[in-house]
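Structure at a glance
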Amino acid sequence: MTGNLSPTAGPIGIFDSGYGGLTILQGIRHLLPEYDYIYLGDNARAPYGSRSFDVVYQFTREAVLKLFEMGCQLVILGCNTASAKALRTIQQNDLPKWDTRRRVLGVIRPTAEIIGTLTESRHVGLLATEGTVRSESYTLEITKLWPDIQVTGVACPLWVPIIENNEADSPGADYFVEKRIRHILELDPKIDALILGCTHYPILMPKIRKYVPAGVQIIAQGEYVAKSLKDYLQRHTDMDERCTKGGSTRYYTTENSKKFEENARIFLPEVIAVSHLSME
Ligand code: DGL
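Computed from a prediction, not measured in an experiment: that's the story for all the values here.

About the criteria used
- Once a new chain begins, its residue numbering starts again from 1 and follows that chain's sequence as written.
- With the structure being a predicted model, the display of local features is reserved for residues of pLDDT at least 70 and the display and counting of side-chain atom pairs for 80 or more, all residues being used for whole-chain, interface and lining totals.
- Excluding hydrogens and water, the side-chain values take into account all heavy atoms of the structure.
- Paired strands are those between which DSSP finds at least two bridges.
- Only DSSP runs of H or I with at least four residues qualify as helices, and only runs of E with at least two residues qualify as strands; both kinds are numbered from the N terminus onward.
- For helices, the axis comes from a line fit to the C-alpha atoms of the stretch in contact; other axes are also lines fit to C-alpha atoms, and the angle between any two N-to-C directions lies between 0 and 180 degrees.
- Contact definition: two residues touch when any of their heavy atoms are within 4.5 Å.
- Each residue is placed in one exposure class: buried if its accessible area under a 1.4 Å probe, protein chains only, is under 20% of its type's maximum, exposed if it is over 50%, and partly exposed if it falls in between.
- UniProt positions are given in the numbering used here, feature names are shortened, and annotations may be inferred rather than shown by experiment.

1. Considerations on the sheet that holds strand β4 (residues 103-105)
- Strand order across the open sheet formed by six strands is β4-β3-β1-β2-β9-β10, with parallel pairing between neighbours. Edge positions in the open sheet fall to β4 and β10 (274-276), since each of these has one partner strand only. The average undirected angle you get between the axes of adjacent strands in this sheet is 25 degrees.
- In this sheet, β4 lies alongside strand β3 (residues 74-77) in parallel orientation, the contact comprising three bridges. Within the sheet, the bridge partner assigned to Val75 lies in β4 and is Val104.
- Most of the contacts of helix α1 (residues 21-31) go to strand β2 (residues 37-41), to which it runs at about 170 degrees, and overall it touches β1 (12-16), β2, β3 and β9 (249-253).
- Contacting β3 and β4, helix α4 (residues 87-98) runs over the sheet at an angle of about 170 degrees to β4.

2. Comments concerning α1
- Within α1, eight of the 11 residues are buried, leaving the element largely enclosed by the surrounding structure.
- Buried within α1 are the following residues: Gly21, Leu22, Thr23, Ile24, Leu25, Gly27, Ile28 and Arg29.
- Residues of α1 that are buried sit in contact with β1, β2, β3, α11 (222-235), β9 and α13 (257-267).

3. Some words on the UniProt feature "binding site: substrate" (unreviewed entry) in the protein chain
- Mapped onto this numbering, the UniProt entry gives "binding site: substrate" (unreviewed entry) at Asp16, Ser17, Tyr48, Gly49, Asn80, Thr81, Thr199 and His200. For the annotated residues, spread through 185 residues, the largest C-alpha to C-alpha distance comes to 12.1 Å, consistent with a single compact locus.
- Mapped onto the elements, Gly49 comes out in the loop between β2 and α2 (53-69).
- Gly49 gets classed as buried once you look at its relative accessible area, which sits at 11%.
- Once residues lying within four places of it in the same chain are set aside, the contact partners of Gly49 are Thr81, Thr129, Glu130 and Gly131.
- On the secondary structure map, Thr81 appears in helix α3 (residues 80-85).
- Sequence-distant contacts of Thr81, defined by excluding residues within four places in its chain, comprise Tyr48, Gly49, Val56, Thr129 and Thr132.

4. Considering the sheet that holds strand β8 (residues 217-219)
- Sheet architecture is open: four strands sit in the order β6-β5-β7-β8, paired in parallel fashion. Edge strands, defined here as strands with exactly one partner in the open sheet, are β6 (150-155) and β8. Each strand axis lies, on average, 20 degrees off the axis of its neighbour in the sheet, ignoring direction.
- Across four bridges, the pairing between strand β5 (residues 123-128) and strand β7 (residues 193-196) is parallel. Within β7, the position partnered with Val124 by the bridge is Ala193.
- Against the sheet, helix α9 (residues 171-187) engages β5, β6 and β7, with an angle of about 150 degrees to β6.

Right under this line is the structure:
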């Protein structure tokens, strides 16, 4: 299965269940434009949010292997659900068997690292998929670093389907956004920082801003994941040397490539060309 892995250099891989990781790619490319990137969205099997641990792990593992086979030495899981449910097992069980020099990083740790500097009340809210909230990964990572912070999580199961179906601007979206925000602020009215713990959610930002009171910061992850990656590459020069620098980005989806090209317009400023990739 790992026979095709070549130990040379390659683009940085960014993986998500669908379009959400594009918000992470945007943040990373803004800060690190000189690198080459491959984006892979598993749109055919999205959403991952309410899938079991085993399924999210299997799907993510397959995607990481594909990206490795395409030459990536470093893969970022631009997906909280995959970071919560698959990252640790891939790092501990799979990487040692596949190739000890390759790396897979997630998006939860960089967010946990920064959050302590962004909240004054020490009450933080997490809006995420059911899988991410249930995994308690955020609570664990945050309280490890910032034991005085209290985390309240609320799952927003319909937000990803709304976004994946290009309904983020519709009046229907208002209803579901307002409902979840009201709920989390009722659960803990002291929240002064709200983590968008799903990479899709920044697409709903105009609506989210409408319902979040002034004085509560809304934290989208792209910027922080990018800073953390930059820092990682500065500290790991051996990995940095194995990430090619041509300023290119290639896009792959497991769904219909034309559909991805059209919907990606919501997420990206430029028109992109996308290739289909089968997970078989
Ligand atoms: N964008 C993903 C996340 O950050 C997953 C959304 C989904 O597939 O449910 O959690």
